[in-house]
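# Structure assessment
One letter stands for each residue in the lines below.
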Amino acid sequence: MGASEELFRRAQAHIPGGVNSPVRAFGSVGMAPRFIARGVGDRLWDEDGREYIDYVGSWGPMILGHAHPAVLAAVEAAARHGLSFGAATAREVEMAETICAMVPSVEMVRMVNSGTEAVMSALRAARGYTGRDKIIKFAGCYHGHTDAMLVLSGSGLMTQGIPGSAGVPAGCTQDTLTARYNDLDSVRALLAANPGQVAAVIVEPVGANMGVVPPAPGFLQGLRDACDACGALLIFDEVITGFRLGPDGAQGYYGIRPDLTTFGKIIGGGMPVGAYGGRREIMERIAPLGPVYQAGTLSGNPVAMAAGLAQLKLLRDTPEFYETLNRAGDEFFTALGDTLTKNGVPHCLNHTGSLGCVFFTDGAAVRDYDGAQKSDTARFAAWFRHMLDRGIYLAPSQFEAIFLSAAHSAADLERTLDAAKEFRG
């Protein structure tokens, strides 16, 4: 028994399922999870000393690669002055100024501790601002594990085949309405059926928790127009896409301005952090300025702020960064799709910039939750094991993304394609 297997055996005695987040479980691919000992650049090493090229990147935030020297230096310097104060610090101010300068739709921003908390708080702000209760979300989009959002969610819920969650009272979801991603008519129908009752439409501007599903042309603009017509707010959940597709996220990439935006751990360089922000008149409803309450002792943690500022400044001050990374993504995912096609492996490959996903379908386009669910998860499991055996670390679920980082070299991308060439399904 290897070190990972032994750790998993021990973990199952004291941690539910042996993991602290369901997406880390390898159950859907028929294996024990790898326990990671360290990471540098685009590489991971597990507790058995095996080396992998990493395409998970802590589920997205490691856009510069693991253990980037500038980020590590910032963390070490900040930690020497203390880990947490529960009080205001200068770095919080600088972080807020940086985010607001980089993302034009964000005029004010509040730090929190996770993407889940950011979404929960943004929805409360939307309800408090509009005086309405109902929220429209999309099947297959994952917005964290708050009760109201665990309705037809993506990510680990799709992997396990769970449409919701036990322990969530019906009353918690009665104001959550679910539309079809890339289907504007389904949104319009819900708005028409609930006149003057919808506080917000929340969407992943690129679906990245049912695999990767880009927005169809006109979809995001259609949401903007529909919200404007009925007085609802448009919330972009950019926990995945924020500061990944461009310096101003998916909203800059697609040219759509939401009312509120949520961000995740990429603004902490991978450390536990989140944020939500948007138009000034909405954010001024947040306590202590207004009646919408939200608080957190660890919000704006000084070490997380230091890590995030180091990362964001590098992204902001390197003009060619996103052009280079997105071009690498275009070339890599195109080559990966061509390789699987030549091998006769039925699939659909979706990607946007440095985010991608191989759906093992019959080749039909995947445009929404229903299309993603048609994937052959047994074939994905075979693909996952094949690539892992060759030192390629992918997310252990058909319904997660492949994340490229600036640390992925041309040689490592080529090595990954060489491994894919050996897969016959």
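Rules of the game
- Residues numbered from 1 in each chain as written.
- Predicted model: local features only at pLDDT ≥ 70, side-chain atom pairs only at ≥ 80, totals over all residues.
- Heavy atoms only, no water.
- Pairing = 2+ DSSP bridges.
- Helix = DSSP H or I, 4+ residues; strand = E, 2+ residues; numbered from the N terminus.
- Axes fitted to C-alpha atoms, helices over the stretch in contact; angles between N-to-C directions.
- Contact = heavy atoms within 4.5 Å.
- Salt bridge = Lys/Arg side-chain N within 4 Å of Asp/Glu carboxyl O.
- Buried < 20%, exposed > 50% of the residue type's maximum accessible area, 1.4 Å probe, protein only.
- Core = buried A, V, L, I, M, F, W, Y, C linked by side-chain atoms within 4.5 Å.
- Phe/Tyr/Trp six-rings, centres within 6.5 Å; stacked < 30°, edge-to-face > 60°.
- Lys NZ or Arg CZ within 6 Å of the ring centre and 35° of its normal.
- Arc of directions from axis to C-beta.
- Polar contact = N/O pair within 3.5 Å; in protein donor to acceptor, adjacent residues only side chain to side chain.
- Expected span 1.5 Å × (residues − 1).

## Things to note about the sheet that holds strand β6 (residues 176–179)
Taken in spatial order, the 7 strands of this open sheet run β4-β10-β9-β8-β7-β5-β6, and their pairing is mixed. A single partner strand is all that each edge strand has here, and the edge strands are β4 (108–112) and β6. Strand after strand, the sheet turns through a mean of 20° between neighbouring axes, direction not considered. Pairing analysis gives 4 bridges linking strand β5 (residues 134–138) to β6, with the strands arranged parallel. Looking at β6, one finds that I136 is bridged to L177. Most of the contacts of helix α8 (residues 219–230) go to strand β8 (residues 233–237), to which it runs at about 145°, and overall it touches β5, β7 (198–203) and β8.

## As for the pattern of salt bridges
Taken as a whole, this structure holds 22 salt bridges when the rule is applied. Measuring nitrogen to oxygen at the nearest pair gives 3.9 Å for the salt bridge that ties R34 to E5. Here the residue R34 occupies a position in the loop between α1 (3–14) and β1 (36–40), and E5 occupies one in helix α1, the gap between them amounting to 29 residues. Given the relative accessible area of 14%, R34 is considered buried. According to the relative accessible area criterion, E5 is partly exposed, its value standing at 28%. Where E94 meets K313, a salt bridge forms, and the shortest distance between an N and an O atom there is 2.5 Å. With E94 in helix α3 (residues 90–102) and K313 in helix α11 (residues 302–316), this pair connects stretches of sequence that are 219 residues apart.

## Thoughts on the nonpolar core
In this structure, Y55, I99, F243, I267 and W383 are the most contacted members of the largest nonpolar core, which totals 61 residues. Counting residues per element, this core draws most heavily on α11, at 9 residues. The residues touching W383, leaving out its near neighbours within four places in the chain, are L336, L340, F360, L394, A420 and F423. Within the second largest apolar cluster, 41 residues are counted, among which are I136, V203, V213 and A232.

## Looking at the packing of aromatic side chains
Under the defined criterion, the tally for this structure stands at 15 aromatic pairs. Plain terms: the ring middles of F380 and F384 are 6.4 Å apart, the flat faces sit at 35° to each other, and that makes the pair tilted. You can see F380 and its partner F384 sitting in helix α14 (residues 377–389), 4 residues apart, about one turn around the helix. Their ring planes at 70° and their centres at 5.3 Å tell us that W383 and F423 sit as a pair that is edge-to-face. Placement of the pair is W383 in helix α14 and F423 in the segment after α15 (410–421), with a sequence separation of 40 residues. Residue class for W383 comes out buried when judged on its relative accessible area of 2%. For R38, the ring lying beneath its charged end belongs to W45, and the centroid distance is 4.0 Å.

## Digging into helix α7 (residues 184–193)
Within the span of α7, buried status applies to L184, S186, V187, L190 and L191. All buried residues of α7 lie within an arc of 160° about the axis, which places them on one face of the element. Residues of α7 that are exposed and angled more than 90 degrees away from the buried face: D185, A192 and A193. Among the structural elements, β5, β6, β7 and α8 are those in contact with the buried residues of α7.

## Some points on the environment of D48
The topology assignment puts D48 in the loop between β2 (43–46) and β3 (51–54). Taking the C-alpha atoms as reference points, D48 and I136, 88 residues apart in sequence, are found 46 Å from one another. Non-local contacts of D48, meaning those with residues more than four positions away in its chain, are made with G2, A3, S4 and E5. Within the structure, D48 has its side chain in polar contact with the backbone nitrogen of S4 (distance 3.1 Å). A polar side-chain atom of D48 sits 3.2 Å from a polar atom in the side chain of R50.

## Remarks on α15
Since the α-helix turns once every 3.6 residues, residues separated by three or four places project in the same direction. Taking 1.5 Å of rise per residue, 12 residues should cover 16 Å, and α15 covers 17 Å from first to last C-alpha, within 8% of that figure. Taken residue by residue, α15 has D412, L413, T416, L417, A419 and A420 as its buried positions. Axial view of α15: buried residues confined to an arc of 155°, hence all on one face. Facing away from the buried side of α15, by more than 90 degrees, are the exposed residues A410 and A411.

Everything listed is a geometric property; what it means functionally is a separate question.
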